[in-house]
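Structural characterization, general
This is what each chain is made of:
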Amino acid sequence: MVLNITCIPGDGIGPEIVNQAKKVLEAVAKKYGHEMKFTDILMGGASIDACGEPLTDEAIATAKAADAVLMGSIGGNTSTSPWYKLPPEKRPEAGLLKIRKALNLFANLRPAYLYEELAAACPLKEEISKAGFDMLIMRELTGGLYFGERKTVEENGELKAIDTLTYSESEIRRIAIKGFEIARKRRKKVTSVDKANVLDSSRLWRKVVNEVAADYPDVTVEHMLVDNCAMQLVKDPAQFDVILTENMFGDILSDEASMVTGSIGMLSSASLNDTKFGLYEPSHGSAPDIAGQDIANPIATVLSAAMMLRYSFDLDKEADVIEGAVRQVLKDGYRTVDIYSEGMKKVSCSEMGDLLCERV
Ligand code: NAD
């Protein structure tokens, strides 16, 4: 199979970690007889410096012509970088919003997985963390409070601010279908999270999710109120497989789930549209504090590349091989500095890439 992949190395540690992911993908391609065609585009600060804007139309056209996009991270030090003296629409992050919109990416996926070898980094009590957990938060990305009408008015001599939370049936249906499809590739359980005891948008959410669930009799569905879900994530995270939720609840819950793993350098993510197309990137930022030193952890990006193989190319076996290589490298005691603990073997970003390739 020929895989056309647009890469966005981005800023900070972005180019270093994307290089490792490319190496690992090449190793997988060699093993299984695929051909990787990588095309790099600029985005974020790198594009501001070279082209005067965070993402050009030509770069978007290149991304659109690919099968999938693999990204490092964008942005610089928000206090010292000159990029942050520019107006908001010209700053690095504007590139990310622009590409998400241009590619119609409405479903954000963030897995949270606790590796046995890194369990000490988990902030939960041992009696809870010993059960492990392996969940995926699927967050709606284009609706809800973030995109509703908002205004601030003066009423009776004081300011009053209004934000609106809107969801249509079709917006809910398309993300619910994604959620059930992805649950089918995992442990076949969807926990739909809402606030149906208070919000009309949540009651519609629940109704549509139930309608979609009828088409997936092999997937178990349960509904959970968001406040309860926030508690359950720290009380019993092992119960979750796919958590399906709207934009703001997903924003908050996915950060909570990441913190519970305790290792930011290990967390991948994906943003999908209604085709097989997706943008895959680590959950962390561009880490300008450690850029250019070859010490960043490339595993989150490598795992994002595995998600790309699974969700955009249906290459499940190849994705399993990458995830297996990550588990094996940890078992063998290799650690980048961010996940290092005494007695382990400290390796650089590029050494970690090489070790992963060997295990593939
Ligand atoms: P960050 O995630 O970049 O860094 C937080 C801390 O974690 C730092 O100490 C960093 O060194 C460490 N870290 C992060 N990733 C690591 C890795 N792979 N290996 C080892 N250590 C790692 O968050 P921040 O400092 O708040 O943001 C830095 C820049 O990244 C900002 O410009 C921010 O806007 C941007 N950012 C971009 C994205 C994105 O591109 N999607 C996401 C988040 C933040």
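Residues numbered from 1 in each chain as written. Predicted model: local features only at pLDDT ≥ 70, side-chain atom pairs only at ≥ 80, totals over all residues. Heavy atoms only, no water.

1. Some remarks on the site of the ligand
Contacts to the ligand come from 22 residues, most closely from Gly76, Glu93, Gly285, Ala287 and Asn297. Separating an oxygen atom of the ligand from a backbone N or O atom of glycine 285 is a distance of 2.7 Å. Asparagine 297 has a polar backbone atom sitting 2.9 Å from a nitrogen atom of the ligand. When the free accessible area of the ligand is taken as 810 Å², the share hidden by the protein chains comes to 69%. Taken together, the elements giving at least two residues each to the shell around the ligand come down to β3 (68-73) and α4 (92-102). Here the residues of the shell around the ligand are counted per class, giving 10 nonpolar, 8 polar and 4 charged. (Near = heavy atom within 4 Å. Polar contact = N/O pair within 3.5 Å; in protein donor to acceptor, adjacent residues only side chain to side chain. Areas by Shrake-Rupley, 256 points an atom, 1.4 Å probe, with all protein chains shown as cover. Helix = DSSP H or I, 4+ residues; strand = E, 2+ residues; numbered from the N terminus. Nonpolar A, V, L, I, M, F, W, Y, C, P; charged D, E, K, R; others polar.)

2. Comments concerning the nonpolar core
The biggest cluster of nonpolar side chains holds 66 residues, and the ones touching the most others in it are Leu109 and Leu309. The leading source of residues in this core is helix α10 (residues 299-311), at 9 residues. Of the domains in this structure, domain 1 (1-121 + 269-360) and domain 2 (123-260) are the two that each give at least three residues to this core. Excluding residues within four positions of it along the chain, leucine 309 makes contact with Leu3, Leu25, Val28, Met36, Asp314, Leu315, Glu318, Ala319 and Ile322. Counting 18 residues, the second-largest nonpolar core is a separate cluster that includes Ala112, Ile137, Val226 and Leu233. (Core = buried A, V, L, I, M, F, W, Y, C linked by side-chain atoms within 4.5 Å. Buried < 20%, exposed > 50% of the residue type's maximum accessible area, 1.4 Å probe, protein only. Domains from an automatic or database assignment. Contact = heavy atoms within 4.5 Å.)

The values are spatial; any link to function lies outside them.
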